Amino acid sequence: MSRANHHSDVVGSMLRPDYLSQARARLRSGDLSAEAYATLVDQAVDEALRIQEEAGVDIVTDGEMRRNIFFDFLIGGLNGLSMLPSDPVRFHSHDEETVMEVSIPFTVTDRISARACPGIAEFKYASARTAKPVKVTLPSPGLLTGMWNQQSRSAYPDPFQLMEDAAQVVETWMRQLAEAGCRYIQLDAPELNEVYVDASVREDHARRGIDPERFLDVGTSLVSALGNVDLPGVTKALHICKGNGTQSWIAEGGYEATAKGLLATATGFDVFLMEFDDARSGGFEPLREVREDTLIVLGLVSTKWTRIEAVSELKERIHDAARFHPLDRLAISPQCGFASAAETAAGRKITDAVQRQKLQRVAETAAEVWG
C-alpha cells in the first residue's frame, strides 16, 4: 500500500504578506539588505505555517515564501540561463478568450547544470518550526521548455535533450532533499497535463517548434522515471493542474487522456493531486484508471474564486469521486497554490481571510468524511 495515509493536503504556495512583497521590491532596488530581507522571509514562513496549523490540515508547506514563482528552482537552482525574455504564455478566463500573456524574463542559452537544491533551505527552516509533515515541491523537467526558444538552439537544438538534462537535475534535487530528511516531495507538472487536455496548448507548442506528441511521450517517460526514483521512506506526489493565474488558467479539459497516459504510467508516485474546482476539469470518471492503492487528492476548494465552498457540497463531490476510486484512498485539498507567483492578496483577489477559511474548509470536510 502507498505510504500516504492523510486526507487533507495543500498544494504549495500561499499569499505573500504585503510587507514581504514590499521588501522584495526594496531588495531589488538596493534599499534593503539581504540580511534584513531574510529576516522578513523567515517571519512570513512562520506565519504561513501558523495559518496552516490553525486550519488543521495534515500536510504543510513553507508557503513558497522564498520563491518568486512556483518553478523558481529552475531559475535560481540552475546554471545556463540568461536574462532574455521567453515566449509568452496565454491565460484565459470565463469572460475573455485571453486575459493576459506572461513572459518569464529568462531563456536557456547554455547547457544547464544544477546548483544545490534550493528546497533544502525551505525544508530545514520549516521543519524546525512545525510538528506537521512538511512538503517541498519541485518543478517538472518539462517546465524548462517554457524557457527554450530560438536563442536556445545553439546549446539545445533539440528541446527534448533539454528536458532530459532537466530530469537529471530534478532527480539530483530529490535525492538531496531525501538526504536532508524531507519525507514528502511533490513534483509539479502542469505543463504536461495542459498538453494532454487542451488542443490549443498543443498548437502553441507546435508553433514554438516543440512537437506536442513527442512532448507527451518524452514528458510522460521522464516524469514516470522520477516517480520510480528509490527514496526509502519518502512519499512522492505528482500535482497536475491546468495553469493557475489570477482568476485565470492556461488550459481546460477533462483528465481522460491524462489518466490513460500519464497516470497509468507514473505508478511510482504515492499521491496524485488533481484539480477539480470547476467544470474545466470534467468529471471523476478518469479516476478509475488510477491504481487503487494510490492516494488521489481532490483539489475541490478553489484558489481562483472567492466563494467559500460548503462542507455539504464538498462531501457530495468526494462521495461522487468514490464511485471511481476507493474512498479511503481519497483526500481533499485546494485546487492549486494560493499564489503560484509572488502576488499580493489584492492581486490574487483572494484575501488572507478567504485563504484561512478555505484551508479550514479543507480540514473540516476531511474530518467529517474520514474522521
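Preceding block: the structure.
Residues numbered from 1 in each chain as written. Predicted model: local features only at pLDDT ≥ 70, side-chain atom pairs only at ≥ 80, totals over all residues. Heavy atoms only, no water.

1. Let's talk about the pattern of salt bridges
Then step 1. Considering all chains together, one arrives at 18 salt bridges under this definition.
Then step 2. Two residues, Asp42 and Arg66, come together in a salt bridge whose shortest N-O distance is 2.9 Å. Of this pair, Asp42 sits in helix α2 (residues 34-55) while Arg66 is found in the loop between α2 and α3 (73-76), placing the two residues 24 residues apart along the sequence.
Then step 3. By relative accessible area, Arg66 is classed as partly exposed at 29%.
Then step 4. The partner of Asp158 in a salt bridge is Arg214, with the nearest N and O atoms 3.1 Å apart. Taken together, the residues Asp158 in the loop between β5 (136-139) and α5 (159-179) and Arg214 in helix α8 (residues 212-227) connect sequence positions 56 residues apart. (Salt bridge = Lys/Arg side-chain N within 4 Å of Asp/Glu carboxyl O. Helix = DSSP H or I, 4+ residues; strand = E, 2+ residues; numbered from the N terminus. Buried < 20%, exposed > 50% of the residue type's maximum accessible area, 1.4 Å probe, protein only.)

2. Remarks on the environment of Asp72
Then step 1. In this structure, Asp72 sits in the loop between α2 and α3.
Then step 2. Under the relative-accessibility criterion, Asp72 is labelled buried at 13%.
Then step 3. In sequence terms Asp72 and Pro118 are 46 residues apart; their C-alpha atoms lie 9.1 Å from each other.

3. So, the sheet that holds strand β9 (residues 295-301)
Then step 1. Strands sit in the order β5-β6-β7-β8-β9-β10 across an open sheet of six strands; the sheet is parallel. Every other strand in the sheet has two partners, leaving β5 and β10 (330-334) as the edge strands with one partner each. When strand polarity is set aside, the average angle formed by the axes of neighbouring strands in this sheet is 25°. (Pairing = 2+ DSSP bridges. Axes fitted to C-alpha atoms, helices over the stretch in contact; angles between N-to-C directions.)

4. A closer look at the pairing of strand β7 (residues 235-240)
Then step 1. In terms of residue burial, β7 counts as a mostly covered element, since six of its six residues are buried.
Then step 2. Because side chains alternate across β7, one face comprises the buried residues Thr235, Ala237 and His239, and the other comprises Lys236, Leu238 and Ile240, equally buried.
Then step 3. In this structure, strand β6 (residues 184-188) lies alongside β7, joined through five bridges in parallel fashion. Opposite Tyr184, over in β7, you have Thr235 as the bridge partner.
Then step 4. In this sheet, strand β8 (residues 271-275) lies alongside β7 in parallel orientation, the contact comprising four bridges. Along β8, the bridge assignment pairs Ala237 with Val271.

5. Some remarks on α5
Then step 1. In a regular helix each residue adds 1.5 Å, so 21 residues correspond to 30 Å; α5 covers 31 Å between its end C-alpha atoms and thus fits that length.
Then step 2. Two to three positions downstream of the cap, the backbone nitrogen of Phe160 sits 2.9 Å from a side-chain oxygen, assigning the N-cap of α5 to Asp158.
Then step 3. At the exit of α5 stands Gly181, carrying a positive phi of roughly 105°. (Expected span 1.5 Å × (residues − 1). Polar contact = N/O pair within 3.5 Å; in protein donor to acceptor, adjacent residues only side chain to side chain.)

6. Quick look at the packing of helix α6 (residues 190-197) against helix α9 (residues 256-265)
Then step 1. Contact geometry for α6 and α9: axes closest at 8 Å, N-to-C directions at 125°. Compared by their axis directions, α6 and α9 come out oblique. Once α6 is placed against α9, the crossing between them reads as right-handed. Taking contact as the criterion, the partners of Leu192, Asn193, Tyr196 and Val197 in α6 are, on α9, Ala257, Thr258, Gly261 and Leu262.
Then step 2. Across the contact of α6 with α9, the residue classes tally to five nonpolar, three polar and no charged. (Parallel < 35°, antiparallel > 145°, perpendicular 65-115°, else oblique. Left-handed = near helix turned anticlockwise from the far one by under 90°. Contact = heavy atoms within 4.5 Å. Nonpolar A, V, L, I, M, F, W, Y, C, P; charged D, E, K, R; others polar.)

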